[in-house]
Amino acid sequence: MPVISFASSKGGAGKTTSAIVLATELAQGTNVALIDADPAGRLTRWSKLASIPAGIEVIPSGGERAIQDEIASARSRATFVLIDLEGSASRLTSFAVSESDLVIVPAGDEQQDADEAVETLAQIAMEGRARRRAIPAAVLFARTNAAVKSKLEKHINSELRGATRVFETELHRRTAFSSLHNAGGGLRQLDPKEVNGIDKAIANAQALAAEVIDILEETRHAAVA
């Protein structure tokens, strides 16, 4: 079963939010294991705010000595395994990345985020060389403006897209996404009287999930070929 890691050497890039959004959307049709491998424990905190959607299991990681066993165990019972990694290079991150079928690198439309995304991709490539296999990875623009981008944001976005693989889908800066950290649960459990733009956020999440599945299929066919 596919293992998808969320990695970034920069804190606050949107890893946890992206993991929650993808997991809750995938769980609409199958079961998902979410491994919280970030010492900050934001996934675990989210899971305790409200009832998590059916089909999702949240697993607090026991650390670098346990992560590979946790992944193997989760793969045996879940269709998708998602891992929220800490915002720094570590042995735990290395172990998780080496087990991944796809590594998603969230980044914003800021130069520092773009630089950190390139650095994270370089670390993933090094891990792949050490393991003698290419580890699929792609940048996910998160926390971006849904409407008009500034000239600088457009430039950074375009430059990164020209340099590496980037998701066509962007997770925009939406109240519904940030509300998940306060209310818990998934997008469909949010109260439309309290949170604006839930429908647009769900459409955004659906597009991300569809693109992730397409990339996984693409890489699987490439590996067979």
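See the structure printed just above.
Quick rundown of the pairing of strand S6 (residues 137–144)? Include the residues and the values.
Counting buried positions along S6 gives six out of eight residues, so the element sits mostly inside the fold. One ladder, built from five bridges, connects strand S5 (residues 102–107) with S6; its direction is parallel. Among the inter-strand pairings, Ala107 is bridged to a residue of S6, identified as Phe141. Note that the unit made of S5, helix H5 (residues 111–131) and S6 has a crossover that is right-handed. Relative to strand S7 (residues 171–172), S6 is paired through two bridges, and the arrangement is parallel. Along S7, the bridge assignment pairs Ala142 with Leu171.

A description of the sheet that holds strand S4 (residues 80–85) should follow, citing residues and the corresponding values.
Read from one edge to the other, the open sheet built from seven strands follows the order S3-S2-S4-S1-S5-S6-S7, with strand pairing classed as parallel. The outermost strands of the open sheet, each flanked by one partner alone, are strand S3 (56–60) and S7. Strand contacts of helix H1 (residues 15–26): strand S1 (3–6), strand S2 (32–37), S3, S4, S5, S6 and S7, with the helix running at about 165 degrees to S4, the strand carrying the most contacts. Packing of helix H3 (residues 67–75) onto the sheet brings it into contact with S1, S2, S3 and S4, and relative to S2 it is tilted by some 170 degrees.

Thresholds, definitions, all that
- Residues numbered from 1 in each chain as written.
- Predicted model: local features only at pLDDT ≥ 70, side-chain atom pairs only at ≥ 80, totals over all residues.
- Heavy atoms only, no water.
- Buried < 20%, exposed > 50% of the residue type's maximum accessible area, 1.4 Å probe, protein only.
- Helix = DSSP H or I, 4+ residues; strand = E, 2+ residues; numbered from the N terminus.
- Pairing = 2+ DSSP bridges.
- Right-handed = clockwise from strand over helix to strand, strands pointing away.
- Contact = heavy atoms within 4.5 Å.
- Axes fitted to C-alpha atoms, helices over the stretch in contact; angles between N-to-C directions.

These figures come from the coordinates and say nothing about function on their own.
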